[in-house]
Amino acid sequence: MLHRLLFIILSMLLSFNAFSASPAKRVISLSPHTTELAYSAGLGPVMVGVSEYSNFPPQAQSIEKVANYNGIKVERIVTLKPDLILAWKGGNPERELKKLEQLGFTIFYSSPQRLEDISAEVLTLSQWAKDPQIAIDAVAKFNAQVDVLRQQNSNKSKVPFFYQLSEKPIITFSGEHWPEQVFSLCQGENIFHLSSASYPQVNEEQVIVRQPQVIFTSPHAHTNDKFWQRWAGKLPAWDQQQIWSLNADWINRPTLRAVKGITQVCQYLSEARQNLMPQ
């Protein structure tokens, strides 16, 4: 399996490069998902700053907040003197990151798009940890769980779905962008897979014409449970009562907890397949 091959290769690289980066003493994370990755890599004990909404693991909530959706507290970060900063490529403001680079700080840019990227980033970050074995064990467990889920769902029929990220405006995601792999592993077929935009804004009619069997949303999207009721008789997902809410942190964050998101999505899609079977 690709997961297993990747794990073996990266483990070998770590064995040769374990001392290429000195263990970090002070680490700052600028997004919730990099905070999770840092803990998975064994960097939890040296975290001195995190971003707002870094709520997992629970101990991260008590760490000083140095970033939010409005920006990064550059002056405070300078005062904290981190020897490693974890940033979200494309998610954190580039101008402030460039300033931190110019000041000489080491920045690790995270941008996982595939499940394999999550494993790779955790293992890479472990080179700054005192005990890289924490990451190796966590990644091995994650890869094994993903392999089992992939095998269980590889031969199942595809189910057209729509993932509603927000209500006003209605935003979704296209193929090749996170969290596409979470859904595709479960044989979910994204009705906006071919959209040219990464996170397209769509209207209700565009959803209806594509006839999704399932609509996924989440509390994070602040959607009304009755939002699609006006399309009764024209929208399979509504008519079959297959509009389900997902755990946004499991789905939207590319971390080792993505395996929980995969499990949740696969269970819902399996239920949809059962509903489609002749009685």
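This one's a predicted model, so the numbers in the text were calculated from it and none came from an experiment.

Trainee: Before we go on, may I ask you to explain the overall build of the protein in this structure?
Mentor: A tally of regular secondary structure across the protein gives eleven helices and twelve strands. Principal-axis analysis of the C-alpha atoms places the extent of the protein at approximately 60 × 40 × 35 Å. Relative to its 279 residues, the protein shows a buried fraction of 51%. In the protein, the proportion of contacts linking residues at least 24 apart, taken out of those at least 6 apart, comes to 63%. Of the roughly 14100 Å² that the protein leaves accessible, carbon and sulfur atoms contribute 53%. If the 26 positive side-chain charges of the protein are averaged to one point and the 24 negative ones to another, these points end up 3 Å apart.

Trainee: Looking at this model, I keep getting lost on the pairing of strand β11 (residues 214–217). Mind explaining?
Mentor: Two faces make up the sheet, and in a regular strand the side chains alternate between them. Residues V214 and F216 of β11 are buried on one face, and the alternating residues I215 and T217, pointing to the opposite face, are buried as well. With three bridges connecting them, β11 and strand β12 (residues 243–245) associate as parallel partners. The residue of β12 that forms the bridge with T217 is S245.

Trainee: I keep staring at the sheet that holds β11 and nothing clicks. Help me out?
Mentor: Whether parallel or antiparallel, the strands of a sheet pair through hydrogen bonds between backbone atoms. Reading across from one edge, β9-β7-β11-β12 is the order of the four strands in this open sheet, with parallel pairing throughout. Strands with a single pairing partner mark the edges of an open sheet, and in this sheet they are β9 (188–190) and β12. For this sheet, the mean inter-axis angle between neighbouring strands, taken without regard to orientation, is 35°.

Trainee: Help me understand the confidence of the model for the protein in this model?
Mentor: A low pLDDT score tells you not to read the predicted coordinates there in detail. On average, residues of the protein score 91 in pLDDT, and 92% of them reach the 70 mark or higher. Segment residues 14–19 is flagged for pLDDT under 50; beyond a separation of four residues in sequence, or across chains, it makes six contacts in the model.

Trainee: What exactly am I supposed to notice about the side chain of S166 here?
Mentor: Mapping S166 onto the fold places it in the loop between β7 (159–163) and β8 (170–171). By relative accessible area, S166 is classed as buried at 17%. A distance of 2.5 Å separates a polar side-chain atom of S166 from the backbone oxygen of P169. A polar contact is formed between the side chain of S166 and the backbone nitrogen of I171, at a distance of 3.4 Å.

Trainee: For this particular structure, what's the right way to read the pattern of salt bridges?
Mentor: Opposite charge on two side chains allows them to pair when their charged atoms are near. Under the counting rule described, the total for this entry stands at eight salt bridges. Ionic pairing is found between R253 and D249, a salt bridge with its closest N-O pair at 3.5 Å. Judged by relative accessible area, which is 10%, R253 ranks as buried.

Trainee: Just checking my understanding: could you explain the nonpolar core for this structure?
Mentor: Soluble globular proteins tend to bury their nonpolar side chains together. Formed by 51 residues in total, the largest nonpolar core has its most connected members in L115, F183, F216, I262 and V265. The element that contributes the greatest number of residues to this core is helix α11 (residues 258–276), accounting for seven residues. Counting residues in hydrophobic clusters, the runner-up holds 15 residues, among them L30, V74, L80 and L97.

Trainee: Whenever I open this one, helix α2 (residues 32–40) confuses me. Can you help?
Mentor: Note that an α-helix has 3.6 residues per turn; residues three or four places apart therefore point the same way. Burial within α2 is extensive, with nine of its nine residues counted as buried. Tucked inside the fold, the buried residues of α2 contact β1 (27–29), β2 (47–51), β5 (84–88), β6 (107–110), α5 (115–125) and α6 (133–153). With its phi angle positive at about 90°, G42 sits one or two positions after the end of α2.

Conventions and cut-offs
- Residues numbered from 1 in each chain as written.
- Predicted model: local features only at pLDDT ≥ 70, side-chain atom pairs only at ≥ 80, totals over all residues.
- Heavy atoms only, no water.
- Helix = DSSP H or I, 4+ residues; strand = E, 2+ residues; numbered from the N terminus.
- Buried < 20%, exposed > 50% of the residue type's maximum accessible area, 1.4 Å probe, protein only.
- Contact = heavy atoms within 4.5 Å.
- Areas by Shrake-Rupley, 256 points an atom, 1.4 Å probe, with all protein chains shown as cover.
- Lys, Arg positive; Asp, Glu negative; His and termini not counted.
- Charge placed at Lys NZ, Arg CZ, Asp CG, Glu CD.
- Pairing = 2+ DSSP bridges.
- Axes fitted to C-alpha atoms, helices over the stretch in contact; angles between N-to-C directions.
- pLDDT = per-residue confidence, 0-100.
- Polar contact = N/O pair within 3.5 Å; in protein donor to acceptor, adjacent residues only side chain to side chain.
- Salt bridge = Lys/Arg side-chain N within 4 Å of Asp/Glu carboxyl O.
- Core = buried A, V, L, I, M, F, W, Y, C linked by side-chain atoms within 4.5 Å.

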